[in-house]
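Coordinates in review
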Amino acid sequence: MELRHLRYFIALAGSLNFTRAAERVHVTQSTLSHQIRQLEDEVGQPLFDRVGKRVVMTEAGGVFLAYATRALQEIDQGLGELKTSPVSMSGVVRIGATHTFNLGFIPECIAVFLSRNATVKVVVEELSADAIATRLDAGDLDLGVAYRPEQRSDLRFEPLFNEELVLVVANSHTLAQRKRIRMIELHREPLLLLPQSFSTRRLLDECFAAAGAEPNVVAEMNTIAAMLGVVARIHVGAIVAANALGQTTGLTVVPMENPTPLRTPGLLFKDDRPQTRAVRAFAALLRKTAMASTSRPKTYSTETEAATEPVTNGKRARPASAAAAKAAPKRPRARARAA
């Protein structure tokens, strides 16, 4: 079924006359008749009864007309919006993002967006995933950038990419020269971790249990920046997303395996709330930036043998597509269920 079938159907339904309907849609009468028959063949029942020169809509045609009219109205509205000049875009885009995305990913997107849409105001709040879900419910946010919240089926979650968690140690740490480390090797290793109220910590606990390891958790801290500040000063490691390092110096990233902790960040929407054109445009930019970031190859420092991808796109981010997953190294992985 194509758009022209719907347009011809609505034209004929409005006039119940093949000649006038053909003139309205600028085709010959024979073409219109042929297209209507194609549509009836596809839906599997007649939409019009032909009685001599008279045309009468069937019961099925009356039912289909309401849906076809709404569908064309939505399509025509969308086409009209696409033809509108970007300069006319205005309004406010309200975004909730978790900490790691505010370090590089969100600022990169905002810089690009504002350079193209100077008349749109962007408001970003750094919040936990649960707080983002609550604010979306209340209508205080237009979209969220976070990990999937637990026990929330009423919010639409759209994955952006897959992200590995990594071990971070000071350059002077004995593990800083490792290319990779198995989680079993972190048994009794002094670590700083997020509190157990964070889903990332629960993911890590599951990974350690699967590996048969029990780390020595010397401290729990609920901010990544504070954790990294301690790691830079003493002989202790932390496990975070690689892009959380920002511009921090003096630290080394060591990828983990067997299993590899893996999280999937994405966009959060409240489906029953209409999105403005500006919100849709910003969401499209987020998707495009995420896709571009996952296509950039990983690089490694020859001095520290650690991953050193650009911090603005999420280090060691992996595409969420099945094809990319197939191409990735085959090793056990564990996924975070929430943020």
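Right above here is the structure, for reference.
This write-up is about the structure you can find in this document. (Residues numbered from 1 in each chain as written. Predicted model: local features only at pLDDT ≥ 70, side-chain atom pairs only at ≥ 80, totals over all residues. Heavy atoms only, no water.)

Regarding the pattern of salt bridges
- Applying the stated criterion across every chain, the model contains 14 salt bridges.
- Salt-bridge contacts for Arg4 lead to Glu2; the nearest nitrogen and oxygen are separated by 2.3 Å.
- Note on Arg4: relative accessible area 32%, which makes it partly exposed.
- You can call Glu2 partly exposed: its relative accessible area is 42%.
- One salt bridge in this structure joins Asp205 and Arg201, with 3.0 Å as the shortest N-O distance. Here Arg201 and Asp205 lie together in helix 8 (residues 199-211), a separation of four residues that amounts to about one turn.
- Its relative accessible area of 27% is what places Asp205 among the partly exposed residues.
- Take Arg201: its relative accessible area is 5%, and that puts it in the buried class.
- Through salt bridges that share partners, Arg156, Glu158, Asp271 and Arg287 make up one connected network. (Salt bridge = Lys/Arg side-chain N within 4 Å of Asp/Glu carboxyl O. Buried < 20%, exposed > 50% of the residue type's maximum accessible area, 1.4 Å probe, protein only. Helix = DSSP H or I, 4+ residues; strand = E, 2+ residues; numbered from the N terminus.)

Some details on a nonpolar patch on the surface
- A grouping of Leu3, Ile75 and Leu79 is seen on the molecular surface, where their side chains present a nonpolar patch of about 210 Å² in accessible area.
- Relative to the elements of secondary structure, Ile75 occurs in helix 4 (residues 59-83). (Patch = residues over 30% accessible without salt bridge, like charges linked within 9 Å, V, L, I, M, F, W, Y side chains within 5 Å. Areas by Shrake-Rupley, 256 points an atom, 1.4 Å probe, with all protein chains shown as cover.)

Just geometry here; none of it tells us what the structure is for.
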